[in-house]
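# Chains, contacts and geometry: an overview
What follows is each chain in one-letter form.
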Amino acid sequence: ARCLEALLPVETALDDIPELAVTAEDAFKLKQGRPIVLLPRQIETLKARLTAGSRLVSVFEGGTLVALGNLRAGRLEPDRVFNLP
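Residues numbered from 1 in each chain as written. Predicted model: local features only at pLDDT ≥ 70, side-chain atom pairs only at ≥ 80, totals over all residues. Heavy atoms only, no water.

## So, the overall build of the protein
Short version of the rule: A run of DSSP states H or I qualifies as a helix once it reaches four residues; a run of E qualifies as a strand once it reaches two. Both are numbered from the N-terminal end. Partly exposed describes any residue whose relative accessible area lies between the buried limit of under 20% and the exposed limit of over 50%, with all areas from a 1.4 Å probe on protein chains only and scaled to the type maximum. We call two residues contacting when some pair of their heavy atoms lies within 4.5 Å. The accessible surface values rely on the Shrake-Rupley method and a 1.4 Å probe; as for residues, cover is taken only from the protein chains in view.
Across its full length, the protein holds 3 helices and 5 strands. Element order for the protein, N to C, with α for helix and β for strand: α-β-α-β-α-β-β-β. Classification of the 85 residues of the protein by burial places 31% in the buried group. Considering only intrachain contacts with a sequence separation of at least 6, the fraction spanning at least 24 residues in the protein is 55%. Summed over all atoms, the accessible surface of the protein reaches about 5800 Å², with 54% contributed by carbon and sulfur.

## What about the confidence of the model for the protein?
Interpretation of this model should avoid reading the predicted coordinates in detail wherever pLDDT is low. Put simply, the rule reads: The pLDDT value tells you how sure the predictor is about a given residue, anywhere from 0 up to 100.
When pLDDT is averaged across the protein, the result is 87; 82% of the residues are at 70 or more. Put simply, helix 1 (residues 2-5) is where the protein has its lowest mean pLDDT, 63, and strand 2 (residues 36-37) is where it has its highest, 98.

## Considerations on the pattern of salt bridges
Under the convention used in this document: The term salt bridge refers to a pairing of a side-chain nitrogen on Lys or Arg with a carboxyl oxygen on Asp or Glu at a separation within 4 Å.
Per the stated rule, a full pass over the model turns up 4 salt bridges. Taking the shortest distance from any N to any O, the salt bridge between Glu25 and Lys29 comes out at 3.7 Å. One end of the pair is Glu25 and the other is Lys29, both in helix 2 (residues 24-31) and 4 residues apart, which spans about a single turn. On the accessibility criterion, Glu25 (54% relative accessible area) is exposed. Judged by relative accessible area, Lys29 falls into the partly exposed class, the value being 25%. Glu77 serves as the salt-bridge partner of Arg72, at 3.1 Å between the closest nitrogen and oxygen. Residue Arg72 is classed as partly exposed on the basis of its relative accessible area, which comes to 31%. Taken together, the shared-partner salt bridges in this structure form one network comprising Arg72, Arg75 and Glu77.

Here's what the structure looks like:
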């Protein structure tokens with residue numbers, strides 16, 4: 001149990017990746033491996049925070065990491081999906 005106390009949350013490693021908060025419905029789609037369509041304002045906000053040449057976005061629902069995905073043609077396509085409590 002003591003060794004678990006030394007572990008950092010997975011979100012710590014994602015500090016330099018832009019975050020996107022999604023609804024439960026979109027989180028469900030991503031967990032099934034399906035892309036979600038983003039609103040133009042979401043796309044612009046994410047693009048402004050992406051590092052040059054990167055399209056990687058971390059996706060959260062209710063503060064819980066759901067997926068890492070790539071921004072492509074107005075959609076977010078899941079690359080890695082997480083089933084965290």
